[in-house]
Amino acid sequence: MNISLYNGGMSESIRRLCFCGSIIAVIVCVTMPAPAQIPPHAGYNVEVPIIGDPGDLVSATHRITTQYPTFDGFGFSICNDPDELQPIDVEPGTALPTDAVGFFYNWYLEPGGAGLACILDGFGAVSLPIGVGHHITTVHYQVVGGTPDEDAMIDYCELADPASGGAVVYSNWLTHEGTTLLPELVIGFPQFKRGDGNADGVLDIADVIFGLSGLFTGGPWGVCQDSMDADDDGVVNIGDPIYTLMYLFTPGSIPPPSPFPQCGSDPTPDVLDCNQSTEGC
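Computed from a predicted model, the values in this text were never measured in an experiment.

1. Some points on the nonpolar core
Turning to step 1, where the next piece is worked out: Grouped together as the largest cluster of nonpolar side chains are 29 residues, with contacts concentrated most on Tyr44, Phe74, Ile78, Tyr141 and Leu174.
Turning to step 2, where the next piece is worked out: Looking at this core, the elements with two or more residues in it are strand 1 (42-47), strand 2 (57-66), strand 4 (73-80), strand 5 (85-92), strand 7 (113-119), strand 9 (131-143) and strand 10 (154-156).
Turning to step 3, where the next piece is worked out: When residues in this core are grouped by element, the largest group, 4 residues, is from strand 9.
Turning to step 4, where the next piece is worked out: Those residues within four positions of Phe74 in sequence are excluded, and the remaining contacts are Tyr44, Leu96, Leu116, Ala117, Cys118, Leu120, Ile136, Thr137, Trp173 and Leu174.
Turning to step 5, where the next piece is worked out: Membership of the second largest hydrophobic core comes to 11 residues, among which are Phe210, Leu212, Phe216 and Trp221.

2. Side note on a negative patch on the surface
Turning to step 1, where the next piece is worked out: On the surface, a cluster of negative charge is contributed by Asp53, Asp56, Asp149, Glu150 and Asp151.
Turning to step 2, where the next piece is worked out: Tracing the backbone shows Glu150 in the loop between strand 9 and strand 10.

3. Remarks on the packing of aromatic side chains
Turning to step 1, where the next piece is worked out: All told, the structure shown has 3 aromatic pairs when counted by the stated rule.
Turning to step 2, where the next piece is worked out: Ring centres 5.7 Å apart and planes at 10° place the aromatic pair Tyr108 and Tyr170 in the stacked group. Of this pair, Tyr108 sits in strand 6 (residues 104-110) while Tyr170 is found in strand 12 (residues 169-170), placing the two residues 62 residues apart along the sequence. The pair Tyr108 / Tyr170 is uniform in exposure class, with both members buried.

Parameters at a glance
- Residues numbered from 1 in each chain as written.
- Predicted model: local features only at pLDDT ≥ 70, side-chain atom pairs only at ≥ 80, totals over all residues.
- Heavy atoms only, no water.
- Core = buried A, V, L, I, M, F, W, Y, C linked by side-chain atoms within 4.5 Å.
- Buried < 20%, exposed > 50% of the residue type's maximum accessible area, 1.4 Å probe, protein only.
- Helix = DSSP H or I, 4+ residues; strand = E, 2+ residues; numbered from the N terminus.
- Contact = heavy atoms within 4.5 Å.
- Patch = residues over 30% accessible without salt bridge, like charges linked within 9 Å, V, L, I, M, F, W, Y side chains within 5 Å.
- Areas by Shrake-Rupley, 256 points an atom, 1.4 Å probe, with all protein chains shown as cover.
- Salt bridge = Lys/Arg side-chain N within 4 Å of Asp/Glu carboxyl O.
- Lys, Arg positive; Asp, Glu negative; His and termini not counted.
- Charge placed at Lys NZ, Arg CZ, Asp CG, Glu CD.
- Phe/Tyr/Trp six-rings, centres within 6.5 Å; stacked < 30°, edge-to-face > 60°.

As structure tokens, then:
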């Protein structure tokens, strides 16, 4: 690096720009190992309803996060506190192809839970969107008790229909090309701050170092891949630490897309996911 870049006659903004450019040049030009590969992933999220007054109707929205392009079918089972909620209906989510749902769509309700089994197509897999947070099912409830304005007690579980003598079991699964997958189960929809890859609640140079470590030296990916995607292009790559460096050190640079600077969920469907909310979110 040319030491003349830091002489006292140069403005602070120019020094920052040169510093940023020098770092970027080093990042781009140094030969590094191939980036680590993130394995395909599938997960379920349920957005827990807020308890209202007795008699009110509330809903739990179930979403899928997937890096697989097609599914043959899926199932889920969700339990609730029967002293708070009474399940009354299950309906398909907006991400499901309506012409495929009719092939087989069977659901089960009891005071303490709801289950669903869905075969999307009997003649071949049906595409579901790749990405985070696609709506696959909604369970509707009637409030029967509990504390108003608090989250209802809901969790993933396994239910057996007693009318079948225990033969019909509802659980959480997906099938892809004939293989049954067990998705990760997450209560709530994780919140994060764009660019905060190390999940310490602050976007700074430490996030750049964290991202480079994950990409090129086998370092951890953290609890939220979405937060590492600083430019929100749906991929964690060298462009993300460069984007963050430009924002931090080049005046007038575009800040990271939403959610930033406040926490939030990812508004853009993509193949990345967020396993848990980051610090302060």
